[in-house]
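The lines below spell out each chain.
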Amino acid sequence: MNFRFLAIALTISWLAIFVFLPHLLLVNTSLLTPHLEHLAVWPATLDNFQKVFTPLYLSVFLHSLELSAIATIICLLIAYPFAWIVSAHTSSVRAWLLFLLVLPFWTNSLIRTYAIKILLGKNGVVNTIMTGLGLWQEPMQLLYTEFAVIFGLVYLLLPFMVLPIYSSFDKLDPTLLEAGRDLGAHTLQRFARIILPLTMPGIIAGFLIVFLPAMGMFYIADLLGGAKNLLLGNIIKNLFLVARDWPLGSAFSVIMMSIMALMLLVYARVNHYVQRRGGLDDQNL
Amino acid sequence: MNKTLLMTLLLLITGAVQAEEKVVVYNWSEYVDDSVLEDFTKETGIKIEYSTFDSNEVMYSKLKLQRGKGYDIVVPSTYYISKMAKEGLLQKLDKSQLKNIRNLNPDLLNKDYDPGNVYSLPYLWGSTGLCYNADEVEPASVTAWKDLWDPKWKGKLLFTDDVREVFHMALRINGHSGNSEDPAHITQAYELLKKVIPNVLVFNSEAPREPYLSGDVVVGMNWNGEAVSAAQENPAIQYVYPKEGAVFWVDSFAIPVGAENVKNAHAFIDYMLRAEVAKLNTEYVGYATPNQAALPLLEQSTRENPVIFPPEKIIANGEFHRDIGNDALQLMHDYWQKLKAGQ
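Parameters at a glance
Residues numbered from 1 in each chain as written. Chains lettered and ligands numbered in written order. Predicted model: local features only at pLDDT ≥ 70, side-chain atom pairs only at ≥ 80, totals over all residues. Heavy atoms only, no water. Helix = DSSP H or I, 4+ residues; strand = E, 2+ residues; numbered from the N terminus. Rg over C-alpha atoms; globule rule 2.2 N^0.38 Å. Buried < 20%, exposed > 50% of the residue type's maximum accessible area, 1.4 Å probe, protein only. Contact = heavy atoms within 4.5 Å. Buried area = accessible area lost by both parts, 1.4 Å probe. Salt bridge = Lys/Arg side-chain N within 4 Å of Asp/Glu carboxyl O. Polar contact = N/O pair within 3.5 Å; in protein donor to acceptor, adjacent residues only side chain to side chain. Expected span 1.5 Å × (residues − 1). Bend = angle between axes of the 7 residues up to and from the residue. Pairing = 2+ DSSP bridges. Right-handed = clockwise from strand over helix to strand, strands pointing away. Axes fitted to C-alpha atoms, helices over the stretch in contact; angles between N-to-C directions. Parallel < 35°, antiparallel > 145°, perpendicular 65-115°, else oblique. Left-handed = near helix turned anticlockwise from the far one by under 90°. Phe/Tyr/Trp six-rings, centres within 6.5 Å; stacked < 30°, edge-to-face > 60°. pLDDT = per-residue confidence, 0-100. Core = buried A, V, L, I, M, F, W, Y, C linked by side-chain atoms within 4.5 Å. Domains from an automatic or database assignment. Arc of directions from axis to C-beta.

Caption draft 1: Summary view of the overall build of chain B. Counting its secondary structure elements, chain B contains 13 helices and 11 strands. Computed over C-alpha atoms, the radius of gyration of chain B comes to 21 Å, within 12% of the 20 Å expected from 2.2 N^0.38 for 343 residues, which places it in the range of a compact globule. Structurally, chain B occupies a C-alpha span of about 65 × 50 × 40 Å along its principal axes. Burial status across chain B gives 57% buried among its 343 residues. Put simply, 74% of the contacts in chain B that link residues at least 6 apart link residues at least 24 apart.

As structure tokens, then:
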């Protein structure tokens, strides 16, 4: 029994006990019948999944997807140029910039969310400055709106978008760009045909890491959105804790996992595509 | 063999923790004077592990899931006592360890949710009513629940994040009891609530005074104690008992069936029932104490504050929540999800 075997066995049993089994339980619960006192009881049924697609839950679900998608796209639009700029610096500057990016994580995200409340409130910093400068006639309602939820999500999740994109840029071979220039490709062409495809795995990885938490961060919607059912995470939390409909809550979680699986599939495909087109293997990306 | 190893490890860990006397308290958020907790530990040497909830439903779900284990003290509201006792989640109190029971007001003992106070003893009582900021709102425009339906409050109101309290308003406006189990009444209440949802900016049961204090909300629902605390910071924040009748509740100490430190739990309850301690808590959180021995100790401004201790007539006009049964509750929850989704 060598070290390698031990490490692998440990990892696999850890994953089996703390990841695979709970998920199995979740899938199982999603197929049971809800019961207010006993939470979930037999017989098995597919009703819960059917209920997800009733107009009520479907519209909440789609709205949640929309909010999370907007937050993710904003993250992407900020993170992409940022990662690019960071990767263009010398390695010591890069280390500093990345350090600054990760620094806020030393403070608990809940505390930072409360700080956002102070910033966005009616008498908060933003409103005070804007009305003080005469730019706004009267304070705007920023807190407890969808804007506040998206703002909070972007703020908390931005680093998760930057890091994978940065690593794609970091691995981008500059000689490919030189070759492109030598062969007569202008700036836009070099971007569209070399840079973008080669950083696509970073973009997709960032998308995956940001989009899913963006659907689940119920406390952001509770604190900044006024506890209305805005995100999928709020619905699941309410179903589990308040309404005690565990099977339906589990059904939502299973659907969320399926979305994740689907996106991983897309990620694998894109990697494969880049590998074929760029003549590079996955590890070089 | 692995199992034995695991058990040994667990025993080692819990053994290390248990060397110290403790009591695990699960209370409503912002519902105690923190100095009381420190004094308790100082006096008895019993360490307090304190955690909080912001709705009965969440507290109940956790206890239900853990089959009454994990906490030594819980503080359910009114009808949750009977519900949890019926489901075997609570254990009987040992009155011989609770000599300070004699401090309590007999009017608040032996209620229908716990006859003979077998499972619970009252901690604080209060109400859910209307609240507004007098600097921004004309007091005459907020006297009844119905006033919250005025379209001029679009996107401005605070509601408590509590399904029963929100439905209570609509049931009372429609002339029914807030404890109605009739599906037709509940559906009718939902139809009415649908119209007020565009007015709601925020649901908050964690600290409803905060949005009033920060200026984000100028009118809506509130608990009387939260309004009293808010008024200490900003006197413009006023509490009103609505014409249709407020929701009244009593939050009581109870010991879950799986509590591990039962003796310490009794010591904690008995400590909280002391007159001086009850005085500190009431003055700090702004809710009424059922502790009649504490009343003479209270500052006059607290004792004579009609928001904290409302006159008999207002109490008679209000209602205490009762258990409405699983079917009615389920129906309310379905509608609640819809309302919160803006449907």
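From this point on, the discussion continues.
Caption draft 2: Focus on the interface of chain B and chain A. With 29 residues of chain B at the contact, the number on the chain A side is 31 residues. Where chain B abuts chain A, roughly 2,600 Å² becomes buried across the two surfaces, and 52% of that area is made up of carbon and sulfur atoms. Among the residues chain B hides against chain A, the three largest losses belong to Leu201, Asp216 and Gln337 of chain B. Together they make up 23% of the total. Run the count over chain B and chain A and you get zero salt bridges. Here chain B and chain A share eight residue pairs in polar contact (both at pLDDT 80 or more) between them. Looking at the side of chain B that touches chain A, the elements with two or more residues in it are helix H3 (56-65), helix H4 (78-86), strand E7 (200-203) and helix H13 (326-340) of chain B. The leading source of residues in the side of chain B that touches chain A is H13 of chain B, at eight residues.

Caption draft 3: Structural detail: helix H3 (residues 55-87) of chain A. With 33 residues, H3 of chain A should cover 48 Å at 1.5 Å per step; its first-to-last C-alpha distance of 46 Å lies within 8% of that length. Maximum bend of H3 of chain A: about 25°, positioned at alanine 79 of chain A, with proline proline 81 of chain A one to four residues after it.

Caption draft 4: Structural context of the side chain of asparagine 100 of chain B. Its place among the elements puts asparagine 100 of chain B in the loop between strand E4 (90-91) and strand E5 (120-133). Every residue in contact with asparagine 100 of chain B, bar those within four places of it in the chain, is listed here: Asp270, Leu273 and Arg274 of chain B.

Caption draft 5: Spatial organisation of the pairing of strand E1 (residues 22-28) of chain B. Residue and element names in this part refer to chain B. Summarising burial for E1: seven of the seven residues are buried, a large majority. With seven bridges connecting them, E1 and strand E2 (residues 47-53) associate as parallel partners. When the sheet's bridge partners are listed, tryptophan 28 is paired in E2 with phenylalanine 53. Since E1 and E2 lie parallel, the crossover through helix H2 (residues 34-44) that links them has a hand, and here it is right-handed.

Caption draft 6: Molecular detail of the packing of H2 of chain B against helix H9 (residues 262-272) of chain B. All names here are of chain B. H9 packs onto H2 with a crossing angle of 125° between their chain directions and a minimal axis gap of 11 Å. Considered as vectors, H2 and H9 are oriented oblique to each other. Of the two elements, H2 crosses H9, and the hand of that crossing is right-handed. Within the contact between the two elements, H2 uses Val36, Leu37, Asp39, Phe40 and Glu43 and H9 uses Asn264, Ala267, Phe268, Tyr271 and Met272.

Caption draft 7: Up close: the packing of aromatic side chains. All names here are of chain B. Counted by the stated rule, this structure contains 34 aromatic pairs over all chains. Ring geometry for tryptophan 28 versus tryptophan 223: centroids 6.2 Å apart, planes at 80°, classification edge-to-face. With tryptophan 28 in strand E1 and tryptophan 223 in strand E8 (residues 219-223), this residue pair connects regions lying 195 residues apart in the sequence. Judged by its relative accessible area of 9%, tryptophan 223 is buried.

Caption draft 8: Quick look at the confidence of the model for chain B. For chain B, the average pLDDT comes to 90, and 94% of its residues sit at 70 or higher. Model confidence for the complex: the whole-complex pTM is 0.85, and ipTM, which rates the interface, is 0.81.

Caption draft 9: Local environment of the nonpolar core. Counting 120 residues, the largest nonpolar core has Leu153 of chain A together with Val23, Ile73, Leu121, Phe268 and Ile269 of chain B as its most contacted members. Counting residues per element, this core draws most heavily on helix H7 (residues 146-171) of chain A, at 13 residues. Taken together, domain 1 (15-125 + 249-310) and domain 2 (126-248 + 318-340) of chain B each give at least three residues to this core, which thus spans both. Beyond its immediate chain neighbours, meaning those up to four positions away, isoleucine 269 of chain B contacts Ile73, Leu93, Leu98, Leu121, Phe253 and Ile255 of chain B. In terms of nonpolar packing, the next biggest core, distinct from the first, is built from 37 residues, Trp149, Phe167, Met221 and Ile324 of chain B among them.

Caption draft 10: Highlighting the domain arrangement of chain B. Residues and elements named next belong to chain B. Its domain assignment divides chain B into domain 1 (15-125 + 249-310) and domain 2 (126-248 + 318-340). On a C-alpha basis, the centres of domain 1 and domain 2 stand 26 Å from each other. Contacts between the two partners involve 24 residues from domain 1, matched on the other side by 27 residues from domain 2. Interface area for domain 1 against domain 2, summed over the two sides, is near 2,100 Å², with a carbon-plus-sulfur share of 52%. Of all residues in domain 1, the largest losses of buried area upon contact with domain 2 belong to Tyr79, Trp249 and Val307, amounting jointly to 33% of the total for that side. Joining domain 1 to domain 2, the criterion identifies two salt bridges. Residue glutamate 30 pairs with arginine 209 through a salt bridge whose shortest N-O separation is 2.8 Å. Viewed at the interface, domain 2 and domain 1 are joined by six residue pairs in polar contact (both at pLDDT 80 or more).

Caption draft 11: A look at H2 of chain B. Residue and element names in this part refer to chain B. All of the buried residues along H2 are Val36, Leu37 and Phe40. Axial view of H2: buried residues confined to an arc of 100°, hence all on one face. H2 presents Glu38 and Lys42 as exposed residues on the side facing more than 90 degrees away from its buried surface. Count one or two residues on from H2 and you reach glycine 45, which has phi positive near 75°.

Caption draft 12: Region of interest: unusual backbone geometry. Residues and elements named next belong to chain B. Positioned with a positive phi, arginine 67 is a non-glycine residue whose angle comes to about 50°. Positionally, arginine 67 belongs in the loop between H3 and strand E3 (73-74). Looking at arginine 67, the relative accessible area reads 64%, which means it is exposed. In this structure, asparagine 110 is a non-glycine residue whose phi angle is positive, near 55°. Topologically, asparagine 110 is positioned in the loop between E4 and E5. What makes asparagine 110 exposed here is its relative accessible area of 52%.

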